[in-house]
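Spelled out, the chains give:
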Amino acid sequence: TAKTYSILIVALIQSDRMEECFKVVREMIDSGCLPDVSTYKEVIEGMFLGGKIEAAYKFLEEMGNGGFPPDIVTYNCFLKVLCDNKDSKEAIRLYENMINVGCVPSVQTFNMLILMFFRMGDIDGAFETWHEMDQRGCKRDIDSYCVMIEGLFDSNNMQDACFLLEEVVKRGMKLPFRTFDSFLKKLSAVGDLQAIHRLSEYMRKFYNPAMARRFALNQKRKSMRLRGK
């Protein structure tokens with residue numbers, strides 16, 4: 001199975017037996033046993049953790065030469081590994097490679113890059129990626145806004161965070177309740193009562209007061225259980 005091949009490939013990578021590794025890759029392609037999303041991630045992560053970045057690119061190339069060019073799901077698997085490891089240089093290189101071969105980035109691609117830049121403290125990189133979405137005609141989803149607003153709050157950029165929150169309201173988007181609750185706490189910390197009122201009134205159409213109370217009680221119970229341990 002694809003899982004069997006991925007275990008073999010990762011083991012060969014860890015033993016620095018790259019020639020045999022790609023022999024197995026070609027055998028896998030010839031047999032028609034293609035990796036799925038999880039096995040793609042395992043192989044690429046194994047190569048990355050083994051310090052074999054170029055091997056990961058070669059793996060994508062081998063798949064393409066075998067008649068199975070990487071799609072956006074494949075690229076996003078690779079990108080997630082790079083973003084989780086805060087390797088912005090390789091993440092940008094992979095993004096450019098994706099563009100060059102004609103693979104259109106998805107909203108998840110941009111969301112991962114924005115989150116990575118904020119985790120690295122690179123606000124400019126996050127903003128550049130945000131504007132790149134416009135240039136590429138990629139429609140932002142609620143996760144895009146949540147990642148960006150959360151990052152701006154954590155970077156003490158309250159003005160831009162509130163501006164994007166207002167955009168969420170204008171576009172009629174639904175914030176996940178946990179995120180909504182988190183944003184209210186951040187607005188409360190800086191005493192922005194007008195923004196709190198505006199956001200609370202808007203979110204009433206998605207979450208009624210009873211639901212809010214249940215959520216608060218559940219969070220309190222979880223907190224008490226943790227303290228009890």
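Residues numbered from 1 in each chain as written. Predicted model: local features only at pLDDT ≥ 70, side-chain atom pairs only at ≥ 80, totals over all residues. Heavy atoms only, no water.

## A closer look at the overall build of the chain
Moving on, step 1. Tallying secondary structure elements over the chain gives 13 helices and zero strands in all.
Moving on, step 2. The secondary structure elements of the chain, listed N-terminal to C-terminal, are α-α-α-α-α-α-α-α-α-α-α-α-α.
Moving on, step 3. Out of the 229 residues belonging to the chain, those deemed buried represent 43%.
Moving on, step 4. Within the chain, contacts between residues at least 6 apart in sequence are counted, and of these 64% link residues at least 24 apart.
Moving on, step 5. Summing over all exposed atoms, the chain offers an accessible surface of approximately 12,800 Å²; the carbon and sulfur share of this is 52%. (Helix = DSSP H or I, 4+ residues; strand = E, 2+ residues; numbered from the N terminus. Buried < 20%, exposed > 50% of the residue type's maximum accessible area, 1.4 Å probe, protein only. Contact = heavy atoms within 4.5 Å. Areas by Shrake-Rupley, 256 points an atom, 1.4 Å probe, with all protein chains shown as cover.)

## As for unusual backbone geometry
Excluding glycine, residues mostly have negative phi values, and the peptide bonds linking residues are mostly trans.
Moving on, step 1. For lysine 86, which is not glycine, the phi torsion reads 55° and is therefore positive.
Moving on, step 2. Topologically, lysine 86 is positioned in the loop between α5 (72-84) and α6 (88-100).
Moving on, step 3. We note that asparagine 156 has phi near 60°; this positive angle belongs to a residue other than glycine.
Moving on, step 4. Residue asparagine 156 is classed as exposed on the basis of its relative accessible area, which comes to 66%.

## Here we look at the pattern of salt bridges
One side chain can pair with another of opposite charge once the charged atoms of both are near each other.
Moving on, step 1. Scanning the entire structure with this criterion turns up 13 salt bridges.
Moving on, step 2. In this structure, the salt-bridge partner of lysine 186 is glutamate 150, at a minimum N-O distance of 3.5 Å. Of the two residues, lysine 186 sits in helix α11 (residues 177-189) while glutamate 150 sits in helix α9 (residues 142-154), which places them 36 residues apart along the sequence.
Moving on, step 3. Of the residues examined, lysine 186 reaches a relative accessible area of 22% and is grouped as partly exposed.
Moving on, step 4. The class of glutamate 150 is partly exposed, set by a relative accessible area of 25%.
Moving on, step 5. Its salt-bridge partner being lysine 185, residue aspartate 181 comes within 3.3 Å of it at the nearest N-O pair. Here aspartate 181 and its partner lysine 185 are both found in helix α11, four residues apart, which amounts to about one turn of the helix.
Moving on, step 6. Judged by its relative accessible area of 56%, lysine 185 falls in the exposed class.
Moving on, step 7. Put simply, Glu54, Glu90 and Arg93 are held in one network by salt bridges that share partners. (Salt bridge = Lys/Arg side-chain N within 4 Å of Asp/Glu carboxyl O.)

## Re the confidence of the model for the chain
Moving on, step 1. Residues with a pLDDT of 70 or more make up 90% of the chain, whose mean pLDDT is 85.
Moving on, step 2. Within the chain, helix α13 (residues 209-228) has the poorest average pLDDT of any element, 56, and helix α7 (residues 107-119) the best, 97. (pLDDT = per-residue confidence, 0-100.)

## Re the environment of methionine 28
Moving on, step 1. Its location among the elements puts methionine 28 in helix α2 (residues 18-31).
Moving on, step 2. Given a relative accessible area of 2%, methionine 28 falls into the buried group.
Moving on, step 3. Distance in space between the C-alpha atoms of methionine 28 and threonine 4 is 9.8 Å, their sequence separation being 24 residues.
Moving on, step 4. The residues touching methionine 28, leaving out its near neighbours within four places in the chain, are Tyr5, Ile9, Cys33, Pro35, Phe59 and Met63.

## Quick notes on the nonpolar core
Moving on, step 1. Ile9, Met47, Phe59, Ile149, Leu175 and Leu199 are the most contacted members of the largest nonpolar core, which totals 75 residues.
Moving on, step 2. When sequence neighbours within four positions are dropped, the list of residues in contact with leucine 175 reads Ile142, Cys146, Leu165, Val168, Phe180, Phe183, Leu199, Met203 and Tyr207. (Core = buried A, V, L, I, M, F, W, Y, C linked by side-chain atoms within 4.5 Å.)

## Some details on the packing of aromatic side chains
Moving on, step 1. Tallied over the entire structure, the rule returns six aromatic pairs.
Moving on, step 2. Judged by centre distance (5.5 Å) and plane angle (50°), the ring pair of phenylalanine 153 and phenylalanine 183 falls under tilted. Of the two residues, phenylalanine 153 sits in helix α9 while phenylalanine 183 sits in helix α11, which places them 30 residues apart along the sequence. Per residue, the accessibility class of phenylalanine 153 equals that of phenylalanine 183, and both read buried.
Moving on, step 3. Geometrically, the ring pair formed by tyrosine 202 and phenylalanine 206 is edge-to-face, given 5.6 Å between the ring centres and 75° between the ring planes.
Moving on, step 4. For tyrosine 202, a relative accessible area of 9% corresponds to the buried category. (Phe/Tyr/Trp six-rings, centres within 6.5 Å; stacked < 30°, edge-to-face > 60°.)

## A look at helix α1 (residues 2-14)
Moving on, step 1. Here α1 spans 18 Å end to end across 13 residues, near enough to the 18 Å set by a 1.5 Å rise per residue.
Moving on, step 2. Aspartate 16, located one to two residues past α1, shows a positive phi value of around 60°. (Expected span 1.5 Å × (residues − 1).)

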